[in-house]
Amino acid sequence: MAPARDRRTGFSRRRQYSTFFGYVLAVAGAVVGAALLVASVFNPPAFSAARMGVATLTAPVASVIDTLADAAASVPAAIGSWFRVHGENTALRAEVKRSRALLTAARTIAYDNRRLRALLAVRDRTPEAVATARLVGSTASSGRRFALLNAGRFQGVRPGMPVRGPNGLVGRVLETGPIAARVLLVTDPESLVPVRRTRDGMPAIAAGRGDGRVDIRSVNATNVRFATGDMFVTSGTGGLYAPGVPVAQVESAGADSVVAIPYAAPDSLDFALVERPFMPMPPSPPARPAAP
Amino acid sequence: MSRNSIDYRPFEPPLPPGRARALPWASVLGASALTAVLPVVASLPLMPPLGLILLLTWRLLARFALRPWAAAPLGLFDDLVSGQPLGSAVLLWSLCFIAIEMIEQRLVFRDFWQDWLIASGAIAFCLAIGRWIALPLGAHVDTVLVAQIVIAVMLFPLSARLVAWIDRKRGAAA
């Protein structure tokens, strides 16, 4: 490529000054960028209004493209399910037969559970759904794992609300705009979710790794063994996530800190349910007199 | 359009200068926004930074298409949609522009391979520093980051074709 001799500005004062100020502005841009960066690193929600303003424009476009992509993907899926239907039918019949006894037992247990809870007068809060919406996009080029939710302040979504999918916990709302919200996924490197093991209720922390999986770390005990396939659900500690929402399953056995796969795979998410934050537990009742 | 090709249209009106000057800006903004509207909830950051690639291509292939200070406002828009902390692209893209300016003073005659090399360095710099700014050091994204850099570098020739095509459509008036 031939060199561009634009630095020879000739005798025109106007051209000399405009070239000079162009370079001054270029350096000033870098300085302003550094200042903005410092501000947003120390105060992450600082520019959320600007971000969500842009998201207000991109979310409708993204949702239209999302719908089109879904429609295109449903054609091969429909054809595939047509061919699989017979094999699936026999498999499902066998499964129903196998699980009938289990279902009866579960119904009995559920009934007992309801009765005993009523006896204890436990004040349980059921999480209220705020909005059901699609996750229409994500930050695919950045290392942070954010998703764009197609519902915002007009639909009642507020920052801090937990978001769950049909299979498990997705994350929580970080910023909201009028019609769009940004969701921090559980796989984000800065996401922490208090969880407990379903088998024995052992408390742990699910920390995002950034590569689509989470780390399960034990909190108050050392030398904890995790087995392959251990399931973890939210514990309700901290009052944000309702207890009992599935989070992740351990991938390979280990001690103290293991890798687990989240139940809600974000790429296969169809709809996400935004819930009201699970309130902090009511204050504990006054201590009972010691048992005789 | 070269004079001795069959596509040569001597009386075709060129784009009005305002629109011709806006085209590079619009293309970079569009590439930044494309990352945001893609209907994929990705679990891995594999998507190449399309806005940055297009910006570097404009800078290296058609250096008068964008002002020397264009990196900062374009980076600001990219920050608003990309999920990085606001200011990281403003800073890094401006630094890339300044570095290319300094390289240009020393390396006046360049061919495409050198452009590609410069762009590769700039892409690797922006992605690596962007990861360092946005994520804690313990995050397990480094393998994916290398893959993302490779994908982005491999996209540069394609982006050069696109930019050359747009630049040709803009006409000589710009």
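Residues numbered from 1 in each chain as written. Chains lettered and ligands numbered in written order. Predicted model: local features only at pLDDT ≥ 70, side-chain atom pairs only at ≥ 80, totals over all residues.

Tallying secondary structure elements over chain B gives seven helices and zero strands in all. What you see in chain B, going N to C, is helices and strands ordered as α-α-α-α-α-α-α. Its C-alpha atoms give chain B a radius of gyration of 17 Å, within 12% of the compact-globule value 16 Å for 174 residues. The dimensions of chain B, computed from C-alpha atoms along their principal axes, are 60 × 40 × 30 Å. Evaluated residue by residue, chain B yields a buried proportion of 47% over its 174 residues. For chain B, the share of sequence-separated contacts (at least 6 apart) that also reach a separation of at least 24 residues comes to 70%. (Helix = DSSP H or I, 4+ residues; strand = E, 2+ residues; numbered from the N terminus. Rg over C-alpha atoms; globule rule 2.2 N^0.38 Å. Buried ≥ 20, exposed ≤ 12 C-beta atoms within 10 Å, placed from the backbone. Contact = placed C-beta atoms within 7 Å.)

Our next topic: the overall build of chain A. Within chain A, the regular secondary structure consists of two helices and 15 strands. Going through the 292 residues of chain A one by one, you find that 34% of them count as buried. Considering only intrachain contacts with a sequence separation of at least 6, the fraction spanning at least 24 residues in chain A is 59%.

On to the interface of chain B and chain A. It is common to give the size of an interface as the accessible area lost on bringing the parts into contact. With 50 residues of chain B at the contact, the number on the chain A side is 50 residues. At the level of elements, helix 1 (17–37), helix 3 (71–82), helix 4 (88–106) and helix 5 (112–134) of chain B are the ones that each hand at least two residues to the side of chain B that touches chain A. Its residues placed into classes, the side of chain B that touches chain A shows 35 nonpolar, 10 polar and five charged. (Nonpolar A, V, L, I, M, F, W, Y, C, P; charged D, E, K, R; others polar.)

All names here are of chain A. The seven strands lie next to each other as 1-15-4-5-6-3-2, forming an open sheet whose pairing is antiparallel. Across the chains shown, the open sheet's two edge strands, defined by having one partner strand only, are strand 1 (129–133) and strand 2 (135–138). Each strand of the sheet is rotated relative to its neighbour by a mean of 35°, with strand direction disregarded. Summarising the sheet, strand 1 and strand 15 (residues 272–275) pair through four bridges and their orientation is antiparallel. Paired with Ala129 across the bridge in strand 15 is Glu275. (Pairing = 2+ DSSP bridges. Axes fitted to C-alpha atoms, helices over the stretch in contact; angles between N-to-C directions.)

Our next topic: the sheet that holds strand 11 (residues 231–234) of chain A. Residue and element names in this part refer to chain A. Strand order in the closed barrel made by the six strands is 7-8-9-14-12-11, with antiparallel pairing throughout. Neighbour to neighbour, the strand axes of the sheet diverge by 40° on average, direction disregarded. With five bridges joining them, strand 7 (residues 192–197) and strand 8 (residues 203–208) adopt antiparallel strand pairing. The partner of Pro194 across the bridge, within strand 8, is Ile205.

On to the nonpolar core. Note that soluble globular proteins tend to have their nonpolar side chains buried in a common cluster. Counting residues in each nonpolar core, the largest one holds 108 residues, and the members touching the most others are Val183, Ala206 and Val247 of chain A together with Trp93 of chain B. When residues in this core are grouped by element, the largest group, nine residues, is from helix 4 of chain B. Beyond its immediate stretch of four places on either side in the chain, Val183 of chain A contacts Leu135, Phe146, Ala147, Leu149, Val163, Val170, Gly171, Arg172, Val173 and Leu174 of chain A. (Core = buried A, V, L, I, M, F, W, Y, C linked by C-beta atoms within 7 Å.)

Before going further, it helps to examine the UniProt feature "transmembrane region" (unreviewed entry) in chain B. Residue and element names in this part refer to chain B. Under the UniProt annotation, "transmembrane region" (unreviewed entry) lies at residues 22–42, 86–104, 116–134 and 146–166. The distance from the first to the last C-alpha atom of residues 86–104 is 29 Å, and the span holds 89% helix and 0% strand. In residues 146–166, the share of helix is 95% and the share of strand is 0%. The end C-alpha atoms are 30 Å apart. (UniProt positions renumbered as here; feature names shortened; annotations may be inferred.)

Now for the UniProt feature "transmembrane region" (unreviewed entry) in chain A. The sites that UniProt annotates as "transmembrane region" (unreviewed entry) are residues 20–42 of chain A. As a span, residues 20–42 of chain A carries 100% helix and 0% strand, and end to end its C-alpha atoms are 34 Å apart.

Quick look at the confidence of the model for chain B now. When pLDDT is averaged along chain B, the result is 89, and 96% of the positions lie at 70 or above. Predicted complex, confidence summary: ipTM 0.86, pTM 0.83. (pLDDT = per-residue confidence, 0-100.)

Residues and elements named next belong to chain B. One can describe the packing of helix 4 onto helix 5 by two numbers: an axis separation of 10 Å at closest approach and a directional angle of 155°. Relative to helix 5, helix 4 is oriented roughly antiparallel. Our pair here, helix 4 against helix 5, has a crossing hand that is right-handed. Here Ser88, Leu92, Trp93, Cys96, Ile100 and Ile103 of helix 4 come into contact with helix 5, specifically with Ile118, Ala122, Phe125, Cys126, Ile129, Gly130, Ile133 and Ala134. Here the contact of helix 4 with helix 5 is built from residues that sort into 12 nonpolar, two polar and no charged. (Parallel < 35°, antiparallel > 145°, perpendicular 65-115°, else oblique. Left-handed = near helix turned anticlockwise from the far one by under 90°.)

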